[in-house]
Amino acid sequence: MLILFLQRFAFTVIRMYEILLIVRAILSWLPLGISNPIVNFVYSLTEPVLAPVRNFLFRFQFFQSLPIDLSLLVVYILLDVVRSVLFML
């Protein structure tokens, strides 16, 4: 019973974070500054995870030359893999 509760809790947390990542992607298309409270809130929750992934990706020349930041997509895929592994248990 406890394992089921922990799995559902982890699923909820991961899903909420994925939603935050989608919101961040949408906000990046809008002409809002970081001074906007919603943008500031979303960026403060997502940047601690995205920054290390971005730094890792930028070690490779291919990712440095791309005009877009793929760290958001990589984190989203990694979260999906984590969720899949958690539900295999």
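Just above, that's the structure.
An account of the accompanying structure is given in this report.

### Points about helix H2 (residues 37-57)
For H2, spanning 21 residues, the distance from its first C-alpha to its last is 29 Å, which sits close to the expected 30 Å at 1.5 Å a residue. Most pronounced at Glu-47, the bend in H2 amounts to some 50°, and the proline Pro-48 follows within four residues. Val-39, Val-42, Thr-46, Leu-50, Val-53, Arg-54 and Leu-57 are the residues of H2 that are buried. Residues of H2 that are buried in the fold lie against helix H1 (2-29), helix H3 (61-64) and helix H4 (71-88). The N-capping residue of H2, defined by a side-chain oxygen 2.9 Å from the backbone nitrogen of Ile-38, is Asn-36.

### A word on H1
Along its 28 residues, H1 runs 41 Å from first to last C-alpha, staying within 8% of the 40 Å computed at 1.5 Å per residue. For H1, the set of buried residues is Gln-7, Ala-10, Ile-14, Tyr-17, Glu-18, Leu-20, Leu-21, Arg-24 and Leu-27. Here the buried face of H1 lies against H2 and H4.

### Thoughts on a nonpolar patch on the surface
Taken together, the side chains of Leu-2, Phe-5, Leu-6, Phe-9 and Val-13 present a nonpolar region at the surface, about 530 Å² in accessible area. Here Phe-5 shows up in helix H1. Owing to a relative accessible area of 53%, Phe-5 belongs among the exposed residues under this scheme.

### Focus: the side chain of Arg-54
Within the secondary structure, Arg-54 is located in helix H2. Judged by relative accessible area, Arg-54 falls into the buried class, the value being 16%. Residues within four places of Arg-54 in sequence aside, it is in contact with Arg-24, Glu-47, Asp-69 and Ser-71.

### Description of the packing of H2 against H4
As a packed pair, H2 and H4 sit with axes 9 Å apart at the nearest point and diverge in direction by 115°. The angle between H2 and H4 places the two elements in the roughly perpendicular class. With respect to the hand of their crossing, H2 and H4 are arranged in right-handed fashion. In this structure, H2 contributes Val-49, Leu-50, Val-53, Arg-54 and Leu-57 to the contact, and H4 contributes Ser-71, Leu-72, Val-74 and Val-75. Considered class by class, the residues forming the contact of H2 with H4 number seven nonpolar, one polar and one charged.

### Some details on the pattern of salt bridges
Opposite charge on two side chains permits them to pair, given that their charged atoms come into close proximity. What the rule picks out here adds up to six salt bridges. A salt bridge links Glu-18 to Arg-83, with the shortest nitrogen-to-oxygen separation between them at 2.8 Å. Taken together, the positions of Glu-18 in helix H1 and Arg-83 in helix H4 put the pair 65 residues apart, joining distant regions of the chain. Residues Glu-18 and Arg-83 agree in their burial class; the two are buried. Glu-47 serves as the salt-bridge partner of Arg-54, at 2.7 Å between the closest nitrogen and oxygen.

Procedures and definitions
- Residues numbered from 1 in each chain as written.
- Predicted model: local features only at pLDDT ≥ 70, side-chain atom pairs only at ≥ 80, totals over all residues.
- Heavy atoms only, no water.
- Helix = DSSP H or I, 4+ residues; strand = E, 2+ residues; numbered from the N terminus.
- Expected span 1.5 Å × (residues − 1).
- Bend = angle between axes of the 7 residues up to and from the residue.
- Buried < 20%, exposed > 50% of the residue type's maximum accessible area, 1.4 Å probe, protein only.
- Contact = heavy atoms within 4.5 Å.
- Polar contact = N/O pair within 3.5 Å; in protein donor to acceptor, adjacent residues only side chain to side chain.
- Patch = residues over 30% accessible without salt bridge, like charges linked within 9 Å, V, L, I, M, F, W, Y side chains within 5 Å.
- Areas by Shrake-Rupley, 256 points an atom, 1.4 Å probe, with all protein chains shown as cover.
- Salt bridge = Lys/Arg side-chain N within 4 Å of Asp/Glu carboxyl O.
- Axes fitted to C-alpha atoms, helices over the stretch in contact; angles between N-to-C directions.
- Parallel < 35°, antiparallel > 145°, perpendicular 65-115°, else oblique.
- Left-handed = near helix turned anticlockwise from the far one by under 90°.
- Nonpolar A, V, L, I, M, F, W, Y, C, P; charged D, E, K, R; others polar.

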